[in-house]
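# Geometric and topological summary
Given next are the chains, with one letter for each unit.
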Amino acid sequence: MEKLLQWAVDNSNKNSLSEQAEAIRKGEAKIDPSKYDPRILEAILGPDDATRMKDAVACISNPEETVENKEIALDNLELLIEGIDNACNLENMKLWPAVIEQLSAKEPQVRKGTAWVCGTAVQNNPKAQKAFLSHGGLEPLLRLLDTDQDNEVRSKALYAISGLLKHNAEALAAFEPLDGFNVLRRILHQENPTMVRKVVFLYNSLMIDNESLAARLVHDHTLDDLEGILKTYTTEHDDEDMVEKTLRTIHTMIQKSQKTPSDELRKTCQAAKDKYGADNLNLVESEWKDLL
């Protein structure tokens, strides 16, 4: 390292070198490979993002690596693919198959970190969503969500599925044949309020994107499930946020499906309004009229 620093001092004005290095890091300047030895540049500036991504995937794919090292590699990879260009480069560098394979890793820490990487890559990124689907990534994510014994793994799987489905008609079309909506319904009948809350919120987002979905959810009795959640968190638990999100999703469902609420549903909505107050539940007067 001392030789590298001496080389830098000998070959450039100190202030100029510092300014050039900072500009390169920010992407405001490009390296002229004819002037500098790439090995020295890499030692000074560190490897480029593509190299770091390849190294991270190589680490998580190596059965000889420790779980701790794999966790570090996944954290680094997740940070790198927060950038849309890097997320798209997972496909360009043919890294998706190796990443998706780790959704089936024996270590829950690796499954969790991999699902997190997948979710970050596909969020608001149509190119990455298309690539992920083309490599069959949805099915192993659904398997984690439905059957994994680790709640943190399931939470990250739901995060990834949500990012994949939102604003993505192709992914939504692939979701139903894989029994995806029944997987979501099973979560509504579990006792993990964090997961229930996320699924309720996801339903609302998906129905806003796709109006025909509301009628499908009414037909498979998801509206009844939501009514049960509303009743439970109004009468048995004190969770205003859950009640607010459930009311919002119920309203979206009945509005877009043109379903008339049953007398029982009206009573449940009224009980929630009486307990928490109309203003606190953030529905306007016209929305309350639809529900009551």
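Bear in mind the structure is a predicted one, so any value in this text is a computation, not a measurement. (Residues numbered from 1 in each chain as written. Predicted model: local features only at pLDDT ≥ 70, side-chain atom pairs only at ≥ 80, totals over all residues. Heavy atoms only, no water.)

Scanning the chain for helices and strands turns up 19 helices and 0 strands. Across the 292 residues of the chain, 43% fall into the buried class. Excluding contacts between residues fewer than 6 apart, the proportion of contacts in the chain whose partners are at least 24 apart in sequence is 68%. (Helix = DSSP H or I, 4+ residues; strand = E, 2+ residues; numbered from the N terminus. Buried < 20%, exposed > 50% of the residue type's maximum accessible area, 1.4 Å probe, protein only. Contact = heavy atoms within 4.5 Å.)

For the rest of this paragraph, the subject is the packing of helix α14 (residues 193-209) against helix α15 (residues 212-219). The N-to-C vectors of α14 and α15 enclose an angle of 135°; their axes lie 6 Å apart at closest approach. As far as their axial angle goes, α15 and α14 are oblique. When α14 is examined against α15, the residues Tyr203, Leu206 and Met207 are found in contact with a partner set consisting of Leu213, Ala214 and Leu217. Across the contact of α14 with α15, the residue classes break down as 6 nonpolar, no polar and no charged. (Axes fitted to C-alpha atoms, helices over the stretch in contact; angles between N-to-C directions. Parallel < 35°, antiparallel > 145°, perpendicular 65-115°, else oblique. Nonpolar A, V, L, I, M, F, W, Y, C, P; charged D, E, K, R; others polar.)

Let us look at helix α17 (residues 240-257). With 18 residues, α17 extends 26 Å from end C-alpha to end C-alpha; this agrees with the ideal 26 Å at 1.5 Å per step. Listing the buried residues of α17 in full gives Met242, Val243, Thr246, Leu247, Thr249, Ile250, His251, Thr252, Met253, Ile254 and Ser257. Considering only its buried residues, α17 is in contact with α14, α15, α16 (222-235), α18 (263-276) and α19 (285-291). Trailing α17 by a residue or two, Gln258 shows a phi angle of about 60°, which is positive. (Expected span 1.5 Å × (residues − 1).)

Take the packing of helix α4 (residues 49-61) against helix α5 (residues 67-80) next. α5 packs onto α4 with a crossing angle of 145° between their chain directions and a minimal axis gap of 9 Å. Two packed elements cross with a definite hand, and for α4 against α5 that hand is left-handed. Here Asp49, Arg52, Met53, Ala56, Val57, Cys59 and Ile60 of α4 lie close against α5, whose contacting residues are Asn69, Lys70, Ala73, Leu74, Leu77 and Leu80. Residues that form the contact of α4 with α5 fall into these classes: 9 nonpolar, 1 polar and 3 charged. (Left-handed = near helix turned anticlockwise from the far one by under 90°.)

Our focus in this paragraph is the packing of aromatic side chains. Applying the stated criterion to the full structure yields 2 aromatic pairs. Pairing Trp96 with Phe132 gives two aromatic rings, centres 5.1 Å apart and planes at 65°, and the pair type is edge-to-face. Placement of the pair is Trp96 in helix α7 (residues 96-101) and Phe132 in helix α9 (residues 126-134), with a sequence separation of 36 residues. Neither residue differs from the other here; Trp96 and Phe132 are each classed as buried. For the ring pair Phe175 and Phe181, a centre distance of 5.0 Å and an interplane angle of 85° mean the geometry is edge-to-face. In this structure, Lys273 packs its charged tip against the face of Trp288, placed 5.2 Å from the ring centre. (Phe/Tyr/Trp six-rings, centres within 6.5 Å; stacked < 30°, edge-to-face > 60°. Lys NZ or Arg CZ within 6 Å of the ring centre and 35° of its normal.)

If you trace the backbone, Thr234 turns up in helix α16. By relative accessible area, Thr234 is classed as buried at 6%. Not counting the four nearest positions on each side in its chain, Thr234 is found in contact with Val243, Ala271, Ala272, Lys275 and Tyr276.

Okay, helix α8 (residues 108-122) next. Between its first and last C-alpha atoms α8 spans 21 Å; for 15 residues at 1.5 Å apiece the expected length is 21 Å, and the two agree. Most of α8 is tucked away, with 11 of its 15 residues classed as buried. The complete set of buried residues in α8 reads Val110, Arg111, Gly113, Thr114, Ala115, Val117, Cys118, Gly119, Thr120, Ala121 and Val122. Just past α8, the residue Asn124 takes up positive phi, approximately 55°.

Along the chain, the position of Val196 falls in helix α14. Accessibility expressed as a relative area gives 2% for Val196, which makes it buried. Considered as a pair, Val196 and Met242 are 46 residues apart in the sequence and their alpha carbons are 8.6 Å apart. Each residue touching Val196, except ones within four places of it in the same chain, is listed here: Ile187, Leu188, Gln190, Ile229 and Met242.

Along the chain, the position of Met207 falls in helix α14. Each C-alpha atom of the pair Met207 and Ser257 lies 9.7 Å from the other, and the pair is 50 residues apart in sequence.

As for its position among the elements, Arg154 is in helix α11 (residues 151-165). It turns out Arg154 is buried and unbridged, and the closest side chain with the opposite charge, Asp146, is 6.3 Å from it. Engagement of the side chain of Arg154 in a polar contact is seen with the backbone oxygen of Leu145, the distance being 3.0 Å. Ignoring anything within four residues of it in the chain, the contact list for Arg154 reads Leu144, Leu145, Asp148, Ile187, Gln190 and Met195. (Lys, Arg positive; Asp, Glu negative; His and termini not counted. Salt bridge = Lys/Arg side-chain N within 4 Å of Asp/Glu carboxyl O. Polar contact = N/O pair within 3.5 Å; in protein donor to acceptor, adjacent residues only side chain to side chain.)

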